[in-house]
Amino acid sequence: MAEQSKHAALRRTVRTLTQGAAEESIRKKGIGAALYFALGFVMASARIVGNSAPFGAAMVAAAGPGIGGVAALAGACLGYALTGGLDWGIRYIACCVLVYTASFVFQDLTICRHRVFLPAVTASAAAVTLALGSIAVSRQDVPLAARLFLEVVLSGTGVYFFTDALSGEECLTETAENRRSVSVTVLLACVLLALSRITLFGYLSAGRILCVLAVMTAAFTAGMLPGCAVGTVMGLAMDAAITMSPFFTMAYALSGLVSGIFAKHGKLAFLLAFIGANTLAVICAWSSGSRIEALYEVFIASVAFLLIPGSVLNRLGFLTRTGSSGCGESGLRRYTAGRVYGMSTAFSELCETVMGAAEENTNDSDISTVFDRAADAVCVKCRKKNNCWNEKYLDTLNIFNDATPKMLARGKMETEDLPAYFREECTRHEELVAAVNEELRRNAFRRMMKMKLDENTKAVLEQYADFSGILSEVSQEIGSPHGADPLAERRLIRFLNSLEIEGDAAVFRDAGGRMRITIESGQLKKLTDLPDYLDRLSEVLGVRLCRPRDDSQATGRMTLLEAEPLAVTVGIAAMKKKGESVNGDRGRYFKTDSGELCVILSDGLGTGADAAKESAAVVDLLEKFLRSGVSPAASMKILNSVMLLKNRDSWGYATVDLMCVDLFSGETCFYKYGAAPSYIKTAKGIRKIRGTSLSAGMGTADQNAPDVVRMLLRPGNIAVIASDGVTAGRSDEEMKQLIDDNAACDMKTLARQVLMAAQAANGQSDDMTVLAVRLEERR
């Protein structure tokens, strides 16, 4: 019964969510249909050059074949009939019906999705209906050819601009963004063209007052060039409405251009410049007809402009504002310089380690020197030295050559290795044998030192090779096709300006394609005071953003990163060996700037403080390289050579277990130097990962390369990394069953359960550490 109740509750919840989504969809469609109906009605009311009204049909085409198109068709037909009468509007109504029919019939064809298809259909419909309608009209103020050209061009271009202005698609290029701004301006001009027929006090136009406000807003928020451009468009619309000389085009363009220069000096200076330029335009055009009403309209608009809050003006000017260029390239250089600095710091510590281990050795390890040095020590004081080393030099040399194989096989020389006649003639042969054995021991030591020196030299050369590879990676990053994103920078700067924040912004992508944002301003508090500022910034830039943990805006600088789609939860459990004061294992996890999770576990040789010191040094060094941007493979090679050089004749080795997870793709790589097996739980089961390499520092890179295992992890997968104190004496089946039984727990509980099971099986006979990692989707 309880199970059935749960299923019923789940079904009710799903039904409620589905109904809510359906209601929300219906509400949005209703609002969209109402908007298209209103636009269709308003556009049908717009007149140019007398009684031409091509914009209603253009709006029907821009609305498309769906419910929005039906609403726009109804609004346009109603607008033509009510504002011009059925006799005059029947031609335009027919044009609207033709346009919607064509849009509906051909909506599934590929050609219908082409940008110029609907503009061409609308222009053709306008030409046909105008030609047929002109048959019934005996007298026309404008020649038929001129009217045909006017309506064909305006209806076609109207569809193009209206479609782009009402499109909900995101602008992905700078050209598309500029086209969207122009399209919205044209749409607004056509709306105000219709409103220009509404008059106040008999001769003041409401549409022209709103046009002046639009020009003021563009010039004040975006500057002189956008102000001039908007003034030109608005002026052309107003001049076309009254079919006279282009007075308003001149007046609005000049006013927007001149006042835009004074936009940064405050509203008062800006308005004085605008009013002055408009007055100059009225005086210059006085001879062609008094336009005194333009002065009153500008005055009314100026009063309204003064009453509009600055924050509202910033939002109204969003489309016309041209954001200043950001500093993405310099930001990229600073970022790369930071990485190089981190690498140089790590290599500086590496060089200090190598210099401490370096040691000159000039001893000769040739076996012939054993007899030469023994003779120098014993025979030089003998009375018969000339006889042995001059007169019988070859005989003496043959005696030592014959004794060499036995001496090397035995590891020392004995008196019996010398011939009897030599022993009888040589009065100091016992001293000579003792001297030879002493030099033989020294020779063996020299040989060992030479081998060690050769090994160290090879390790140093490998480090230089690794360093060369790292610099190559940095060079590739600097020349990466990724880099500054000017369009995103402009969007960000516009958003900041809308919040009245002045500052610099850099938006760029690193070599891995991850977006990075740097904002420098002394007014960042205005941004961070917003409770949803990260969500708003993410919406502006089109990617989900996050703050790095070590970032602080105290210095007037904020750093943001593209958020990884994946996240992890990590649990750690550790226990020291019984009788020891500290745990010789060291585990650590962290996330790099490139969005990669690194989990490190090192087990120092032995137990206690010495083992803890060794494992901590390994983890610290490896973390520095990984955080600085060095690849995991190169970091492990460098670590091996450092341990080889650092330890020399000591036995301070440590195992290394490194797990790296790309939180953007889930690609995971395991690196092991003598480490215990790890276990990975996926949907297919539990997989054991083991290696055969020795501990770090037990040989050069070609002798002791780390074990590497690559795989793709998905959300819900679990990795368990443990030291040998946990896995020793445990079968694979026990470990897998233990992980499987506790997979549903949180990672801290899983790590603790694995540790408790190891303690129950082995006691506290060794240091034990467990790290459990679960991959999840970021919420």
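Everything here concerns the structure above.
Just so it is clear, the model here is predicted, and its values are computed rather than measured.

1. Focus: the packing of aromatic side chains
The final tally for this structure, using the stated rule, is 13 aromatic pairs. When the centroid spacing of 6.3 Å and the interplanar angle of 25° are considered together, the rings of Tyr-100 and Phe-104 count as stacked. Within this pair, Tyr-100 and its partner Phe-104 are both found in helix H4 (residues 86-105), separated by 4 residues, close to a single helical turn. Classification of Phe-104 by relative accessible area gives partly exposed; the value is 45%. Taking the centre distance of 5.2 Å and the plane angle of 70° together, the rings of Phe-220 and Phe-270 count as edge-to-face.

2. Considering the nonpolar core
The nonpolar side chains of soluble globular proteins are, as a tendency, buried together. Among the nonpolar cores identified, the biggest contains 76 residues, and Phe-162, Met-216, Met-234 and Tyr-252 are the most heavily contacted of them. No other element matches the 9 residues that helix H8 (residues 206-222) contributes to this core. Once residues lying within four places of it in the same chain are set aside, the contact partners of Met-234 are Thr-185, Leu-188, Ala-189, Leu-192, Cys-211, Ala-214, Val-215 and Tyr-252. By size, the runner-up hydrophobic cluster in this structure holds 25 residues, among which are Val-618, Leu-639, Val-642 and Ala-696.

3. What about the pairing of strand E12 (residues 678-682)?
Most of E12 is tucked away, with 4 of its 5 residues classed as buried. Note: E12 against strand E13 (residues 685-689), 5 bridges, orientation antiparallel. Its bridge partner lying in E13, Ile-680 is registered against Arg-687. What sits between the antiparallel neighbours E12 and E13 is a turn of 2 residues. Bridge count for E12 against strand E15 (residues 718-722) is 4 bridges, and the pairing is antiparallel. By the bridge assignment, Ile-680 is partnered in E15 with Ala-719.

4. Side note on the sheet that holds strand E11 (residues 667-673)
Taken together, 5 strands build an open sheet; the order of strands is E8-E9-E10-E11-E14 and the sheet is antiparallel. Single-partner strands in this sheet number two, and they are strand E8 (585-591) and strand E14 (707-712). Pairwise comparison of adjacent strand axes, ignoring direction, gives a mean angle of 10° for this sheet. Bridge analysis of E8 against strand E9 (residues 596-604) gives 7 bridges, and the strand direction is antiparallel. From the neighbouring strand, Arg-586 faces E9, where its bridge partner is Ser-602.

5. Some details on helix H20 (residues 486-498)
The end-to-end C-alpha distance of H20, which contains 13 residues, comes to 18 Å, matching closely the 18 Å that a straight helix rising 1.5 Å per residue would cover. Where burial is concerned, most of H20 is hidden: 12 out of the 13 residues are buried. Among the residues of H20, those classed as buried are Leu-487, Ala-488, Glu-489, Arg-490, Arg-491, Leu-492, Ile-493, Arg-494, Phe-495, Leu-496, Asn-497 and Ser-498. Within two residues after H20, Glu-500 carries a phi angle of roughly 60°, on the positive side.

Quick notes on the rules
Residues numbered from 1 in each chain as written. Predicted model: local features only at pLDDT ≥ 70, side-chain atom pairs only at ≥ 80, totals over all residues. Heavy atoms only, no water. Phe/Tyr/Trp six-rings, centres within 6.5 Å; stacked < 30°, edge-to-face > 60°. Helix = DSSP H or I, 4+ residues; strand = E, 2+ residues; numbered from the N terminus. Buried < 20%, exposed > 50% of the residue type's maximum accessible area, 1.4 Å probe, protein only. Core = buried A, V, L, I, M, F, W, Y, C linked by side-chain atoms within 4.5 Å. Contact = heavy atoms within 4.5 Å. Pairing = 2+ DSSP bridges. Axes fitted to C-alpha atoms, helices over the stretch in contact; angles between N-to-C directions. Expected span 1.5 Å × (residues − 1).

As far as function goes, none of this settles anything; it's purely spatial.
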